[in-house]
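# Fold and geometry: a report
Listed below are the residues making up each chain.
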Amino acid sequence: MASDRAIIVRIAGIGFEADKAYPLTLTSVNVGYLQGTALQGVVTDLSAQFSSEIPIFSAMGSDPTTTFSVLSTTDTLSALMSRGATQVRDLNEASIQTTEYVTPSPAPTIALTDTSTIGFGDIVRINGIAYYVNASSASTPGTIDCLMAYGSVPQPIPIRVIGEQPSGSTVYASYWQGTNYPTGGAEQQPVTISTVEIDAPDATHETVIFRGVVSRANIQTSAGADNQIRVECMSLMGVIRNAPWAPSTSGLRFEGTPGFNEDRFYEADDDRLLPPNSNFSGVLKTVPNTSLTGPIFEATSVPYDTRFGTMQIRTGGYGGVTSIIDVSGNEITLSARPVDPDLDDIRAVGFNLMFNDGYYRQYSSTNGDDLNVALSASSLRAIRNARARFSTSPTSLNFDSAFVTEIAFSSASFQSLIVDLIFGTYNADMTGASGVRAWGMSAWIPFDITIAPDIIDYGSLNAAFNTEQMQTDLPLMNGWDPMTSTQLPNTVVLPVKAEGPKTIGEVLESLMKNLGVFMVYDRGRISFGRWASENPWPTVVNDSDFAEPKIALTYDRNNSIQAVSVEYPATITADEVNITKNPIANVERIINGAGKMVTVGSMMQQGDDYQAGLINSFAFRNGTDLVTRYSQAAGIIEVTLRNETIDLAVGEYVSFSSAFIPNGSGTMGVVNATGIVLKAVRSYLTPTSSYTLFLPGYLFAANRVSMLSASARVETVPSSGTVAIEQNAFTDLNSQLNAPKSDPEAFQQVLDRCVTVPVNIKCALYDQYGTPYGITARLISVGSTTLTFSDGAFDGAVAGDIIVLDFASNQDPLNLAASWDAFQADNLGLVVGDPAYSYPWSR
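The following paragraphs examine the structure supplied in this document. (Residues numbered from 1 in each chain as written. Predicted model: local features only at pLDDT ≥ 70, side-chain atom pairs only at ≥ 80, totals over all residues. Heavy atoms only, no water.)

### Quick word on empty space enclosed by the protein
Counted under the stated rule, the structure contains 4 cavities of 30 Å³ or more. Lining the second largest cavity are 12 residues, and of these F50, P64, I209, D522 and R523 lie nearest its centre. At the level of elements, strand 4 (49-53), strand 15 (207-219) and strand 32 (517-522) are the ones that each hand at least two residues to the lining of the second largest cavity. Among the elements that make up the lining of the second largest cavity, the one with the highest residue count is strand 4 (3 residues). (1 Å grid on protein atoms, 1.4 Å probe; cavity = no way out; pocket = protein on both sides within 12 Å on 5 of 7 lines; lining within 4 Å. Points joined across faces, edges and corners; volume = space filled by probe spheres on them. Helix = DSSP H or I, 4+ residues; strand = E, 2+ residues; numbered from the N terminus.)

Right, here's the structure in full:
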């Protein structure tokens, strides 16, 4: 492994008491800045290749794995192969267990069955997480105050229910009463693999190449074996795929006055003494099992307690989403309210959304939307007896156990919802100050949330999940924050089938499949993309980047789409969900039987007219775009590139040029064929990587990079040479970072890229249908709502006409050299020096 770079492997939850803040650290050669307990020079081998890929038109990428080998020494055997797990016991030799939910605080207070044998300085492990005992809490007997040890990351630990009995997690010894104890094994512990220059001064120079968990460790000690420990690891994608999705349910009850029987309202002369339904009033409440959900943040306001946010009431797969209006202790009062118009049963009304089988629609009181909630047998007898006695006393009534409440996973935006699903945050707040998610409702990946930008590519996340574009397909509601008594407009509810998925991976895959979105893991990071979207600025790849003079080109009919089935919920009732399947097809491909069948769908019904809802849905536009873009078999390129010149990620968009492959005309050479990286095979023994590129735009010798043109829609012509335009006819008001947030700003940034003097750029005028008038003018300045031109060529424009940049062939070549297209990127594809700003900004 002779190299000028060292390999550093860190396994959290395992370590040495002398350096309790650090995880077990193993290196290939000596690295000067590491802690004294690091086992240096013991890593002998690392997988020759790391392979990551995303199948064409799939929603989730592969789970790449890796293996590293370690010299078998006294220290490495003890750290990696010891299997003893010593329980911490009380004075009566009973094992000590947790008695309450452990919150994911970096400094948690943990309640135990006994603390008499645990003292300051001890290090214990609970569920593989290492805690350093900072003190026994005098204010709360039976608890210990802890800090994280050995690089462990805070995670929630619930009280489990075994049979019908609650059971806490067992506490194991790592360093207890002055003695070190076996680790209990490295399996399931988080692992991070980095590389760094041998003479690097500190850890900021490290490059993370893998994050995941240890899945297996083995050693061969037979004659002739190398007597080395081999450790196999699954990736972060595997952690997310396999994390449990297990919302905790609780019962529902009514609190209020039950009302009177109608036969008590009349005297002999039939004069009504009291109005019907007199004295019936009340609220719906629930008391979650905080041993499974954690303390309720809305009641405590304590960081890292569980933020409930939004609740839902359901029976089976049918129910309604409701806001929380009050929390007192562990008791939650729901916004949905009870009604009993006939004084014979109780219904819940006033929801924000109704749902069945993972499909949602708006609640409508005019349609009589409700949830028929049945009282338990004992409560039904109680309410009848109370009415018979003409009772006005408040009462508490339980509903049948078939009616349950649970957290309805919601967030302020679609992007933060995805972050929350992965990290356990609330509205992507990495500080925990806004609360966190409950155990079983997030992947809770075992890596520090403060380095989330290193783990998630936020640029690709924002580009792939555009709430404004996708809002027709997502459950959106006006929520309510009981802590501030304010409305929370456009709250996004996670569309998930009740009692359906068992893992976070299943939740994500269903969601992303419907939206035509994909998620991949590569180079230690998670990134996102959309199969049919306005792609970010592509990375340029050409023959000068080749590591070896060979290239492979393949066409396969399955690398295309023959039809997309767009699913839309036509009706959603308590009894059924009627999902229409609407094909969008390339007739020629269907006749030939060529290409794949793809399904996308809307998870939100928009009004009673399902045909209008379908046509206006994002799913329908997405399906049309997919068929249009991928109807023809795309070229698949296999190429090996040098890492020092190009380092691509799976899912990254590229612009590929090569003189060594045929083009669409049958001659050699293509320029700027745009596409996506499907697969990356990385070698850390040689500085090269092999890539599979999917090039749906590969047709002719010279392709243009996708145009993100500055455009404007005419409102009026207030004076000669000046045109008033709409603010956001073509731009996204919520575009990322330094990208333009209005149409005038887009034109201004185009002008700012010009290098010629005087600064101007040629524009063309089209009618509302895109038919050119054949009129051009030079743009010389931009106002807050206007464009000013060098002459009055556009004075005859009418409302609805479109102004765009003229063809590239009609622009000044010097301006084109500084910017490939209308996007505000320099000739390296950077915006203000940062590629993250190059993500799409157009609507």
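There is more to say after this.
### Considering the nonpolar core
F68 and F528 are the most contacted members of the largest nonpolar core, which totals 103 residues. For this core, the leading source of residues is helix 6 (residues 414-423), giving 7 residues. Once residues within four sequence positions are removed from consideration, F528 is found in contact with I418, I422, I456, S460, L461, A464, F465, M512, F518 and M519. Listed in part, the 44 residues of the second largest apolar core include Y568, A619, Y630 and V670. (Core = buried A, V, L, I, M, F, W, Y, C linked by side-chain atoms within 4.5 Å. Buried < 20%, exposed > 50% of the residue type's maximum accessible area, 1.4 Å probe, protein only. Contact = heavy atoms within 4.5 Å.)

### A look at the pattern of salt bridges
Taken as a whole and judged by the stated rule, the model has 22 salt bridges. A salt bridge links E331 to K285, with the shortest nitrogen-to-oxygen separation between them at 3.1 Å. One end of the pair, E331, is in strand 21 (residues 331-334); the other, K285, is in strand 18 (residues 280-286), and 46 residues separate them in sequence. Take K285: its relative accessible area is 14%, and that puts it in the buried class. Measuring nitrogen to oxygen at the nearest pair gives 3.7 Å for the salt bridge that ties D357 to K497. Remark: K497 occurs in the loop between strand 31 (486-493) and helix 10 (504-515) and D357 occurs in the loop between strand 24 (353-356) and strand 25 (359-362); sequence separation between them is 140 residues. (Salt bridge = Lys/Arg side-chain N within 4 Å of Asp/Glu carboxyl O.)

### Thoughts on the sheet that holds strand 47 (residues 772-782)
Strand order in the closed barrel made by the 6 strands is 44-45-48-47-46-49, with antiparallel pairing throughout. Geometrically, the sheet is characterised by an average inter-axis angle of 50° between neighbouring strands, direction not taken into account. Note: strand 44 (residues 711-719) against strand 45 (residues 722-725), 3 bridges, orientation antiparallel. From the neighbouring strand, V714 faces strand 45, where its bridge partner is I725. Against the sheet, helix 14 (residues 743-753) touches strand 44, strand 45, strand 46 (761-766), strand 47, strand 48 (786-789) and strand 49 (802-805), its axis set at about 75° to strand 47. (Pairing = 2+ DSSP bridges. Axes fitted to C-alpha atoms, helices over the stretch in contact; angles between N-to-C directions.)

### Notes on the pairing of strand 41 (residues 653-662)
Here strand 41 lies mainly inside the structure; 7 of its 10 residues are buried. Inspection of the sheet shows strand 34 (residues 539-541) paired to strand 41 by 3 bridges, in the parallel sense. Within strand 41, the position partnered with V540 by the bridge is S655. In this structure, strand 41 lies alongside strand 42 (residues 668-683), joined through 6 bridges in antiparallel fashion. Bridging across to strand 42, V654 finds its partner in G675. The hairpin formed by strand 41 and strand 42 contains 5 residues between the paired strands, and G666 there has a positive phi angle of roughly 85°.

### A look at the sheet that holds strand 31
On the basis of which strands lie adjacent, the open sheet formed by 3 strands has the order 29-31-30 and antiparallel pairing. With one partner strand each, in any of the chains shown, strand 29 (410-411) and strand 30 (476-481) form the two edges of the open sheet. In this structure, strand 30 lies alongside strand 31, joined through 5 bridges in antiparallel fashion. Note on strand 31: the bridge partner recorded for W480 is Q487.

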